[in-house]
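Listed below, chain by chain, are the residues.
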Amino acid sequence: MKFHIDKNKIPFLVLSVFGIILLIMAVANHYFFRTVTFDYGSYNFAFWDFAHFRVSRSTLIMATFLQDHVSFTLIYFIPIYWLFNWLTGTYTLILIQYVLIMLAAWYSFKLVMLKSKDVWLGTGTLILYFVLLGRYTTLSCDVNLAVMSACMVPIFLYFFELKKYVYAFVIFVLAMLSRENIPLWFVFIFLVLILEHYKEKKVILISSAGIILSILYFILIFKVLIPAFNTPDKQYNLFNYTALGANPAEAVSFILKHPVDATKMLFVNHLPDPTIDMVKYEFYWVYILSGGFILFLRPKYIIWFIPIIAQKMLNDSYLRWSIATYYSIEVVTLLPLSVFLVLSEFKSRHLKYALSIATCLITISVTLYKLNPKNIELYWSANPAKERIYDENFFKARFNIRKVNQLLDLIPADARVSSCDVILPHISQRQFIYMFPAVEDAEYIVISTMHDNYLLPHEANEQKRNEYLTSPQWEIIAKAYPVVLLRKLATQDEMLKHLMRIKKNAIECNFENADKGKQFTLLSNGEKADTLSKRSDSIARSGNFSLRLTQKSPFGISYHFSNVSDLRYIEVSVWRNPNTTSGYLIVSSGQDLYLVTGKSVEKDSNGWEKLQLNFVVPESVTPESLSILLWNNSSKPVYFDDFTIKKY
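Since the structure is predicted, the reported quantities are computational estimates derived from the model, not experimental observations.

Along the protein, the regular secondary structure elements total 24 helices and 18 strands. With respect to the three principal axes, the spread of C-alpha positions in the protein is 105 × 65 × 50 Å. Split into buried and exposed, the 648 residues of the protein put 55% on the buried side. Contacts in the protein between residues at least 24 apart in sequence constitute 71% of all its contacts with a sequence separation of at least 6. Distance between charge centres in the protein, computed from 63 positive and 52 negative side chains, equals 7 Å.

Here it is, written out as structure tokens:
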């Protein structure tokens, strides 16, 4: 029995397989709380805001969305919001971008088929489109205007080549309005079309008109729209090309006056940091190997890459030069189409098929090699957890997804919320949302004690978290370790009751009280603290006694909770006697939790130092496993006093 595959179905198979992979990756990254405030949280806020016919100042980017980018793209999709957002929620923009990516792939295939009538070249276009490195590094930034706007170019080119100029014009307008750099890109796209159709007068006239419109709109953006959108406290700051000038006009002037210097900067590091000398080279060899070498056989297709390469390589930020995140997405979108348009012009069937196969195989190898952070120049810019579906950790969550979603459901839809980086994108479709530790007028705070705001050092994040978790104005109403939800108390009466509960639940020990048998010192709840033999009257912070730990008896207190089901957030503190650097406070629960500190957070007038640990209790902790103890790791005695456990 012969097994036969219809070659005309192979493109659909390729589209389906890679479509499923990309859909799973995009959705999974959001589902597993790997999407972040910048960009996805701010995009969701802007999308919700536009859908409610507002252009509000975002507290995330400290500007309106139009001040950040002159883009009307999200406004296009307002009808989709009202049709589907009730079902897809904060996944809506992910799905919109995914559909655009798939459409760009499909129209790239159709254009190559239109030019070549060769299904194998069309299939090769699809494969190259989906295996380029930037297709996966882009997933680290979730959703971005650059991705959406780039997707419109293959669609425009297809309708233009089909001579359906009305459809092409509509896509052209949508693309032009999508991002401020697109008009400049279209100038070069039309130049390629003129070279491609130099014998067709109508095409030359239409393309020339397109160039004029692109230049006029580019001028309009920078001369009229950006100044109109600017406010005294928010100026447009995305023209970062100080090597060329302060604005596009100065940049063009510099390029015309110093073409050699400008060209040189496309390839060499123009910043005073020698450690980034290879970043530009890495980008070039990755994409030259991934099909770019084919373009040298028909240099006209290099022309439409000039503005996006210049935009990338002349920027002040070396991260933009790199292969990281979405900073190569325009190249990734247009390269497959360009490569296979070149191959479609070859007369030798064997040569074009051999080059097609070689290009795809080399690209797959380069992509897999560079998806390993060890193999890239800016290793810290990689995000393997979001970019590698084949990694064993890709489908592992950092916390209990179901419980965290249940916790988020407790927040009213119209509430003002401050949230940590990884949670915010899931609750950002609201009028007021802040990125913790910015709280402003928030009524709820939702934070993960294991995820810092990357704009601040860890110590500052920890300090801010503890400030609100222990504040009398905020009450912890839910926990899904390590995520905690706090509600602001509205009245003085509520705050007073909250403080009374904390005080009532506090467990203290000043080592003054002993049991009837005179064997143990007691905690304030009547439980045993430690043996009376460790009590000392030679030094004390309050009262007459303290706890004395020695080299022979180095551990003290070792408190275990009788019940952990109601524990959400704990603050443990103890005062250590002056003139010592030894003596530690420890919280332990095996592998789930281990905290230790010997660093003081406060010093009283007599020199006693306060040691303190704050922690959210993990879900897996049992009464037997969670212990709090004191430890002297030195040969000299250490004295402790005024031990306190506060339960929030």
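From this point, the narrative continues.
Moving on, we come to the pattern of salt bridges. Applying the stated criterion across every chain, the model contains 25 salt bridges. Where salt bridges share partners, they join Lys115, Glu161, Glu196, Arg298, Lys300 and Glu345 into one cluster.

Reading across the sheet, the four strands line up as E11-E17-E13-E14 and stay open at both edges, with antiparallel pairing between neighbours. Edge strands, defined here as strands with exactly one partner in the open sheet, are strand E11 (555-560) and strand E14 (594-597). For this sheet, the mean inter-axis angle between neighbouring strands, taken without regard to orientation, is 15 degrees. The pairing of strand E13 (residues 584-588) with strand E17 (residues 627-631) spans five bridges and is classified as antiparallel. Each residue of the ladder has a partner; that of Leu585, found in E17, is Leu630.

Next up on the list: helix H1 (residues 10-31). Compared with the 32 Å implied by 1.5 Å per residue over 22 residues, the 31 Å span of H1 between its first and last C-alpha is a close match. Regarding H1, the residues found buried are Ile10, Pro11, Val14, Leu15, Phe18, Gly19, Leu22, Met25, Ala26, Ala28, Asn29 and His30. Close packing links the buried residues of H1 with helix H2 (37-51), helix H6 (92-116), helix H7 (119-131), helix H8 (134-137), helix H20 (384-387) and helix H22 (424-427). Phe33 lies just past H1 and shows a positive phi near 60 degrees.

So, on to the nonpolar core. In terms of nonpolar packing, the biggest core is built from 173 residues, with Phe156, Leu157, Tyr287, Trp304, Ile423 and Val446 touching the most fellow members. The greatest single-element share of this core, amounting to 14 residues, is contributed by helix H9 (residues 145-161). Within the second largest apolar cluster, 30 residues are counted, among which are Leu549, Leu567, Val572 and Leu611.

Residue placement: Phe239 occurs in the loop between helix H12 (201-229) and helix H13 (248-257). With 175 residues separating them along the chain, Phe239 and Thr64 place their C-alpha atoms 17 Å apart. Residues in contact with Phe239, not counting those within four places in the same chain, are Gly245, Ala246, Asn247, Pro248 and Ala251.

A surface patch of nonpolar side chains, amounting to about 490 Å² of accessible area, comprises Ile357, Leu361, Ile364, Leu368 and Tyr390. Relative to the assigned elements, Leu368 resides in helix H19 (residues 349-370). We classify Leu368 as partly exposed; its relative accessible area is 47%.

All right, on to H12 then. Here H12 spans 40 Å end to end across 29 residues, near enough to the 42 Å set by a 1.5 Å rise per residue. Along H12, the helix axis deviates most sharply at Ile221, where the bend reaches about 40 degrees. Regarding H12, the residues found buried are Val203, Ser207, Gly210, Ile211, Ser214, Tyr217, Phe218, Ile221, Leu225 and Ile226. Check the buried side of H12 and you find it contacts H9, helix H10 (165-176), helix H11 (182-196) and H13.

Turning our attention to the packing of aromatic side chains. According to the stated counting rule, one finds 42 aromatic pairs in the structure shown. Relative to Phe130, the ring of Phe18 has its centre 5.3 Å away and its plane inclined at 5 degrees; by these criteria the two rings are stacked. Within this pair, whereas Phe18 is found in helix H1, its partner Phe130 is found in helix H7, the two being separated by 112 residues in sequence. Assessed through its relative accessible area of 17%, Phe18 is described here as buried. Here the aromatic rings of Tyr569 and Tyr648 are separated by 5.9 Å at their centres, their planes lie at 55 degrees, and the arrangement is tilted. In this pair, Tyr569 sits in strand E12 (residues 569-576) while Tyr648 sits in the segment after strand E18 (638-647), placing the two residues 79 residues apart along the sequence. Grouping residues by exposure puts Tyr569 and Tyr648 together as buried.

Basis of the calculations
Residues numbered from 1 in each chain as written. Predicted model: local features only at pLDDT ≥ 70, side-chain atom pairs only at ≥ 80, totals over all residues. Heavy atoms only, no water. Helix = DSSP H or I, 4+ residues; strand = E, 2+ residues; numbered from the N terminus. Buried < 20%, exposed > 50% of the residue type's maximum accessible area, 1.4 Å probe, protein only. Contact = heavy atoms within 4.5 Å. Lys, Arg positive; Asp, Glu negative; His and termini not counted. Charge placed at Lys NZ, Arg CZ, Asp CG, Glu CD. Salt bridge = Lys/Arg side-chain N within 4 Å of Asp/Glu carboxyl O. Pairing = 2+ DSSP bridges. Axes fitted to C-alpha atoms, helices over the stretch in contact; angles between N-to-C directions. Expected span 1.5 Å × (residues − 1). Core = buried A, V, L, I, M, F, W, Y, C linked by side-chain atoms within 4.5 Å. Patch = residues over 30% accessible without salt bridge, like charges linked within 9 Å, V, L, I, M, F, W, Y side chains within 5 Å. Areas by Shrake-Rupley, 256 points an atom, 1.4 Å probe, with all protein chains shown as cover. Bend = angle between axes of the 7 residues up to and from the residue. Phe/Tyr/Trp six-rings, centres within 6.5 Å; stacked < 30°, edge-to-face > 60°.

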